[in-house]
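Chain by chain, the residues:
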Amino acid sequence: YVEYSPQSKVIAKGNFKNGKKDGDWEYFFNDGILFKKVSYLENEFHGDFEQYLITDTSYIKSVTGKYDHGKKTGEWEWKFSNGTTDMKGNFENDLQEGYWYFGYNDGTKNYEGNFSKGMQEGEWTYYYPDGELWRKGTFHLNKKDGEWNTWFEKGEQLSQGNYKEDQPDGLWTSWYENGQTKDE
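Residues numbered from 1 in each chain as written. Predicted model: local features only at pLDDT ≥ 70, side-chain atom pairs only at ≥ 80, totals over all residues. Heavy atoms only, no water.

A. The arrangement of the overall build of the protein in detail. Scanning the protein from terminus to terminus reveals zero helices and 16 strands. For 184 residues, the compact-globule formula gives about 16 Å, and the C-alpha radius of gyration of the protein, at 22 Å, lies well above that figure. With respect to the three principal axes, the spread of C-alpha positions in the protein is 70 × 35 × 20 Å. Counting the 184 residues in the protein, one finds 30% classified as buried. For the protein, contacts bridging at least 24 residues in sequence account for 6% of all contacts bridging at least 6. Per element, the accessible surface of the protein, about 11,200 Å² overall, is 45% carbon and sulfur. Each charge class in the protein was averaged separately, 22 positive and 33 negative side chains, and the resulting centres sit 6 Å apart. (Helix = DSSP H or I, 4+ residues; strand = E, 2+ residues; numbered from the N terminus. Rg over C-alpha atoms; globule rule 2.2 N^0.38 Å. Buried < 20%, exposed > 50% of the residue type's maximum accessible area, 1.4 Å probe, protein only. Contact = heavy atoms within 4.5 Å. Areas by Shrake-Rupley, 256 points an atom, 1.4 Å probe, with all protein chains shown as cover. Lys, Arg positive; Asp, Glu negative; His and termini not counted. Charge placed at Lys NZ, Arg CZ, Asp CG, Glu CD.)

Here it is, written out as structure tokens:
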């Protein structure tokens, strides 16, 4: 099967089996440049997935991953237009699972942490664009839970306290940038 644009450019090509998309398919931008490669099994995404992005200066693979019967599985990665990693992590049964990395578009780390069945779980760490630690704390079932700490850009502690089910809980302390206690 081949589908054409009104300008007679190929915009999609692949195979059908019993009236359903089956096997490798390719989709194209209107100018004929490859936009997406995906595999199907009985009309569901199944197998490798690749998506491309065109910028003024480059053509990059912007999304890579794998599907299993229509659900994301294994390692997936999204990239910014400059080719650096936007986010990267694993899926199980279409839900984020395990360690995930999120970046700034200059290639430095933005934040990182773990997922369990699609929910933030355990320790998460966030960074300023220059790489300095910004905040750190724990999640349970996608809600802030436990101790959280925040720092000024130069590394001095800004605040410390606890969360329970995404709400501040108990004593919180904050400091001025010079280290003096601001309030408790």
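There's more to say after this.
B. Structural context of the pairing of strand β3 (residues 20–28). Sheet topology note: the strand β2 (residues 10–17)/β3 ladder contains five bridges and is antiparallel. Paired with K13 across the bridge in β3 is E26. Linking β2 back to β3 in an antiparallel pair, the connection comprises two residues, with N18 at a positive phi of about 55 degrees. Direction of pairing for β3 relative to strand β4 (residues 34–41): antiparallel, over a ladder of six bridges. By the bridge assignment for β4, F28 is matched with L34. Hairpin connection from β3 to β4: five residues lie between these consecutive antiparallel strands, with G32 at a positive phi of about 90 degrees. (Pairing = 2+ DSSP bridges.)

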